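# Reading the structure
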Amino acid sequence: MKSYHNYFYVFLLILGYSCAEKTVLEEDIERSRKIYTEGEKLTQGSIESMLRLENAIEIDPNNCDAVRELSVAYLKRGLAHRWKLQFDKAVECDPNIWQPMRGYLYLSFYRDYKKAIADFNASDTLTPNFIDAPQGQSVDYWRGMAYLGLKDYKNSLDFFNKYINTETKEWGEDMVEVTAFLYRGIALFENLNFELALKDFDKVLVYNRGNSADAKYYKALILKDSNPIEAKHILESSIEDFKNSFYNQRDYVEILKQIYLEDLLLLQQELKEKINLKS
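The written sequence of each chain sets the order in which its residues are numbered from 1. In keeping with the predicted nature of the model, local features appear solely for residues at pLDDT of at least 70, side-chain atom pairs appear and are counted solely at 80 or more, and the whole-chain, interface and lining totals rest on all residues. Computation of side-chain values covers all heavy atoms of the structure but excludes hydrogens and water.

## Section: the packing of helix 6 (residues 95–110) against helix 8 (residues 139–149)
With their axes 11 Å apart at the nearest point, helix 6 and helix 8 run at an angle of 30° to one another. It follows from the interaxial angle that helix 6 and helix 8 lie roughly parallel. In the packing of helix 6 onto helix 8, the handedness of the crossing is left-handed. Judged by residue contacts, Pro100, Tyr104 and Leu107 of helix 6 engage Val139, Trp142, Met145 and Ala146 from helix 8. To get an axis, fit a line to the C-alpha atoms, keeping to the stretch in contact for a helix; angles then go from 0 to 180 degrees between the N-to-C directions. Under the scheme used here, helices are H or I runs from DSSP no shorter than 4 residues and strands are E runs no shorter than 2 residues, and both carry numbers assigned from the N terminus. Orientation is classified from the angle alone, with under 35 degrees giving roughly parallel, over 145 giving roughly antiparallel, 65 to 115 giving roughly perpendicular, and any other angle giving oblique. Take the far helix as the reference: if the near one is turned anticlockwise from it by less than a right angle, the crossing is left-handed, and if turned clockwise, right-handed. Contacts are assigned to residue pairs that have any heavy atoms within 4.5 Å of one another.

## Things to note about the state of the cysteines
Cysteine sulfur atoms that come within 2.5 Å of each other are treated as a disulfide pair. Overall, the coordinates contain one disulfide when judged by the stated rule. Two residues, cysteine 64 and cysteine 93, share a disulfide whose sulfurs are 1.6 Å apart. The chirality of the disulfide connecting cysteine 64 with cysteine 93 is left-handed, given an S-S dihedral of about -55°. On the criterion of sequence distance, the pair formed by cysteine 64 in helix 4 (residues 64–76) and cysteine 93 in helix 5 (residues 80–93) is long-range, its members being 29 residues apart.

## Section: the packing of aromatic side chains
Ring pairs are drawn from Phe, Tyr and Trp, using the six-membered ring of Trp, whenever the two centres fall within 6.5 Å, and their geometry is named by plane angle: stacked under 30 degrees, edge-to-face over 60, tilted for the rest. Tallying each qualifying case throughout the model produces 16 aromatic pairs. Residues tryptophan 83 and tyrosine 106 carry aromatic rings whose centres are separated by 5.7 Å and whose planes lie at 90° to one another, so their mutual orientation is edge-to-face. Here the residue tryptophan 83 occupies a position in helix 5, and tyrosine 106 occupies one in helix 6, the gap between them amounting to 23 residues. When sorted by exposure, tryptophan 83 lands in the same class as tyrosine 106, which is buried. Between buried and exposed lies partly exposed: a residue is buried under 20% and exposed over 50% of the maximum accessible area for its type, with that area taken using a 1.4 Å probe on protein chains only.

## Remarks on the side chain of threonine 179
By the element assignment, threonine 179 lies in helix 10 (residues 178–190). Within the local environment of threonine 179, its side chain forms a polar contact with the side chain of tyrosine 141, the two groups lying 2.6 Å apart. A polar contact of 2.8 Å, which involves the side chain of threonine 179, links it to the side chain of glutamate 177. With sequence-adjacent residues up to four places away left out, threonine 179 is seen in contact with Tyr141 and Asn248. We call two N or O atoms a polar contact when they sit within 3.5 Å, provided that within protein one can donate a hydrogen and the other can accept it, with sequence-adjacent residues counted only if both atoms are side-chain atoms.

## Focus: the confidence of the model for the protein
Across the protein, the average pLDDT comes to 89, with 92% of residues at or above 70. Each residue carries a pLDDT score, the predictor's own confidence in it, on a scale running from 0 to 100. Long-range and interchain partners of residues 1–20, a stretch whose pLDDT sits below 50, account for zero contacts in this model, where long-range means more than four residues apart.

Next comes the structure, spelled out in structure tokens:
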């Protein structure tokens, strides 16, 4: 009797698995693709958009673009458990494209730097003759940020140097993503290499036409002890830039090393006290 029950249980598992495997006809693939494409102009994460994506996936579970897009909607709504399951399906569906992208999402939304680096490293194996660029930036740029988040300044600098040198050689320094200079400068600052850090912050100001609350804030931090009066003037300009929205920021998430007005005002007060003591 026990043996019979075991065979019956296995049979049910096989039957269930067979039923779960949906045969997708060519016309279903076309219909799923059309539903997905027609909904691309809808607001990402809106109810209408999500319902359309769910419909496309129900028709064709292998519609990788719809699977991935639905996962991002869950992510931006803060539904981490739904995002992870859905995006893992997208990675299985097309790892060459979506594994480095998952690394970017780990980095930007969850600050899971180690998992982000693992996905970026995997992309090197998946596409050995191609530098992947999730969200339009090289995986070397993202690795520099991830290692900065881990306070591993050596590796952070190595990857920012690799990214900046590659882009400069290919396209010219003025085509380098300007935040690479900012983050490399921050890594140098954290590593107490103030001289090189100042050079990077100056590059940010050159390519941002003199506007960057972040670069000026870090310059003021570096100069606060050696030249508090100059630091005060630089910080005043930083505060003005901040109020005019010339600071590093993104929608949906707090970025790595994001500055706030409170940070600038605290430093302003510290500088006032230093200057008063010297008077």
